[in-house]
Amino acid sequence: MTHDTPDLRIAVDGAGLQRRLDELALISESPAPVVTRVLFSEADVRGREYVRRAARDAGLAIREDAVGNIFARWEGSEPGLPAVGSGSHTDAIPNAGKYDGVVGVLGAFEALAALKRAGFKPRRSLEVVMFTAEEPTRFGLGCLGSRLMAGTIPVAKALALRDREGRSLDELRAQAGYSGPLDSVRLPSGYYHSFVELHIEQGPILEAQGVPIGIVEHIAGPSSYRVTLLGEGGHAGAVLMPVRHDAMLAGAEIALAVERAAKASGSPDTVGTVGVFRIEPGAVNSVPYRAYLEIDLRDSRLDSRSKALAEIRSAAEQSCSRRGIRMEFEEINADPPAAGDQKTIAIAESVCAELGLRSLRMVSRAYHDSLFMSRVSPTTMIFIPCRNGWSHRPEEFATTEHIASGAEVLAHTMARLSA
Ligand code: GLV
Ligand code: MN
Ligand code: MN
């Protein structure tokens, strides 16, 4: 390497990093190879203990905030300067794999450990964050920790969150050992000088093109909605078809409207999914009187996302009025897309060139905590290939070599940013 780190020769311990990824994957609510670690579940709490241990092993100092974001820090020679940040999440949706998020936490620990072994001395502090609840499984809202850090969610809205069993964030965080006012989670302005998140691509492009590193220029804007449908139940044999108010059928029409609107939006980046669809009472011989859906709608452009949403709402209203169903349609979140910081991107790109690794500028269609870090800091992400683009499923896979390359690029990029 040249420039700010002339003598820096780092050796990432790929095998050690892989071992830690494998160990953390065994801390799961479901048997291997499935990984499930829902926010503040017993597995998430044990996973947090693993993360603390791994941070200490990397020689980092730990602090935790009121919502459970874990910060692992290497103090620079000028500790008053804004720090260089990295990190990701270790919570995992039901039936997930072992790389989503985790590569960006354990990989960042290894990046800093490798810099330490190489004798590097940072000027700005280097800090790795394990963000609380990047995944929306518990409360229906993703990136809870980074939203609070960036101040993009009102504390009152976070306090009003309830899970399926009606438990509040306050109740669950207290059980996991976290307390204190939630407004203390917000970062002081200018806290980070820059932020770089390492993550598997969760798409097929890098693998298909044989490129080991992606550098993220844009993150698509996610939005999600909660739809509650109230019809009328009754005996599946006795209630005749002309007088039914079947909430499930209205839900089915709404799910199809989501697909139709996303396909017809005019933007190739519009994607719409109904990933939650529950009916009550859920008995084969009973007409569903209640249906509950969660819609995920994303786009790299806000105009086409809004157009698709308008179409979905209008189709939902028509279906409900035809079927005599009462509907509540509620926005959970509607976030704008994020742009990566060009200077930070250029630094990561030149690191790749100097390491002899090809790189590609990319759009992230998945969201990440970087979506919110980009509101408070110059930000980019480093992507590595994953097999067939698979993610959010147990077959998710990335090679040790690609993971180690990602950690190496992250280490040099953070070193350069810290100078
Ligand atoms: C993050 O996990 C996402 O759903 O994009
Ligand atoms: Mn995920
Ligand atoms: Mn992720």
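This brings us to the site of ligand 1. Around ligand 1, the neighbouring residues are Glu134, Glu135, Arg298, Ala366, Tyr367 and His392. One of the side-chain nitrogen or oxygen atoms of Glu134 is found 3.4 Å away from an oxygen atom of ligand 1. In the environment of ligand 1, an oxygen atom lies 2.7 Å from a nitrogen or oxygen atom belonging to the side chain of Arg298. Relative to its free-state accessible area of 200 Å², ligand 1 is covered by the protein chains to the extent of 93%. In terms of residue class, the shell around ligand 1 is made up of 2 nonpolar, 1 polar and 3 charged.

Another aspect to go through is the pairing of strand 7 (residues 192-200). Counting buried positions along strand 7 gives 8 out of 9 residues, so the element sits mostly inside the fold. In this structure, strand 4 (residues 83-89) lies alongside strand 7, joined through 4 bridges in parallel fashion. By the bridge assignment for strand 7, Gly85 is matched with Phe195. Of the pairings in the sheet, the one linking strand 7 to strand 17 (residues 379-384) comprises 6 bridges and is parallel in character.

Turning our eyes to something else, we now look at the coordination of the manganese ion (ligand 2). Within the protein, the manganese ion (ligand 2) binds to Asp100 (OD), Glu135 (OE) and His392 (NE2); these donor distances fall in the range 2.0 to 2.1 Å. When the donor residues of the manganese ion (ligand 2) are listed from N- to C-terminus, their spacing reads D-x34-E-x256-H. Separating the manganese ion (ligand 2) and the manganese ion (ligand 3) is a distance of 3.7 Å, and Asp100 donates to both of them. On the criterion of sequence distance, the pair formed by Glu135 in the loop between strand 6 (126-131) and helix 4 (144-150) and His392 in the loop between strand 17 and helix 12 (400-418) is long-range, its members being 257 residues apart. The class for Glu135 is buried, based on a relative accessible area of 6%. The exposure class assigned to His392 is partly exposed, which follows from its relative accessible area of 37%.

We now examine the coordination of the manganese ion (ligand 3). Bound to the manganese ion (ligand 3) on the protein side are His89 (NE2), Asp100 (OD) and His199 (NE2), at distances that span 2.0 to 2.3 Å. All donors of the manganese ion (ligand 3) come from a single chain, and their spacing in sequence reads H-x10-D-x98-H.

With that settled, consider the pattern of salt bridges. Note that side chains of opposite charge can pair when their charged atoms are close. Considering all chains together, one arrives at 29 salt bridges under this definition. For the salt bridge of Glu23 with Arg19, the shortest nitrogen-to-oxygen distance reads 3.2 Å. In this pair, Glu23 and Arg19 both sit in helix 1 (residues 14-25), 4 residues apart, roughly one turn of the helix. On the basis of relative accessibility, which here comes to 31%, the residue Glu23 falls in the partly exposed class. The partner of Glu349 in a salt bridge is Arg361, and the shortest N-O contact between them spans 2.7 Å.

Between its terminal C-alpha atoms helix 8 (residues 247-263) stretches 25 Å, which fits the 24 Å expected from 17 residues at 1.5 Å a residue. Along helix 8, the residues that are buried comprise Ala247, Ala250, Gly251, Ile254, Ala257, Val258, Ala261 and Ala262. Looking straight down helix 8, one finds that the buried residues subtend no more than 120° of arc, so they occupy a single side. The exposed set on the far side of helix 8, more than 90 degrees from its buried face, consists of Leu256, Arg260 and Lys263.

What follows concerns helix 12. The end-to-end C-alpha distance of helix 12, which contains 19 residues, comes to 27 Å, matching closely the 27 Å that a straight helix rising 1.5 Å per residue would cover. Of all the 19 residues making up helix 12, 15 are buried; the element is thus mostly covered by neighbouring parts of the structure.

Looking now at empty space enclosed by the protein. Under the definition given, this model contains 1 cavity of 30 Å³ or more. The volume enclosed by the largest cavity comes to roughly 60 Å³. Lining the largest cavity we find Val216, Glu217, His218, Ile219, Ala338, Ala339, Gly340, Ser370, Ser374, Thr379, Thr380 and Met381. Residue assignment for the lining of the largest cavity shows that the elements contributing at least two residues are strand 8 (213-219), strand 15 (338-339) and strand 17. Counting residues per element, the lining of the largest cavity draws most heavily on strand 8, which supplies 4 residues. Of the residues that constitute the lining of the largest cavity, the class distribution is 5 nonpolar, 6 polar and 1 charged.

What counts, and where the lines are drawn
Residues numbered from 1 in each chain as written. Chains lettered and ligands numbered in written order. Predicted model: local features only at pLDDT ≥ 70, side-chain atom pairs only at ≥ 80, totals over all residues. Heavy atoms only, no water. Near = heavy atom within 4 Å. Polar contact = N/O pair within 3.5 Å; in protein donor to acceptor, adjacent residues only side chain to side chain. Areas by Shrake-Rupley, 256 points an atom, 1.4 Å probe, with all protein chains shown as cover. Nonpolar A, V, L, I, M, F, W, Y, C, P; charged D, E, K, R; others polar. Buried < 20%, exposed > 50% of the residue type's maximum accessible area, 1.4 Å probe, protein only. Helix = DSSP H or I, 4+ residues; strand = E, 2+ residues; numbered from the N terminus. Pairing = 2+ DSSP bridges. Donors = N, O, S within 2.8 Å, 3.2 Å for Na, K, Ca; no water. Salt bridge = Lys/Arg side-chain N within 4 Å of Asp/Glu carboxyl O. Expected span 1.5 Å × (residues − 1). Arc of directions from axis to C-beta. 1 Å grid on protein atoms, 1.4 Å probe; cavity = no way out; pocket = protein on both sides within 12 Å on 5 of 7 lines; lining within 4 Å. Points joined across faces, edges and corners; volume = space filled by probe spheres on them.

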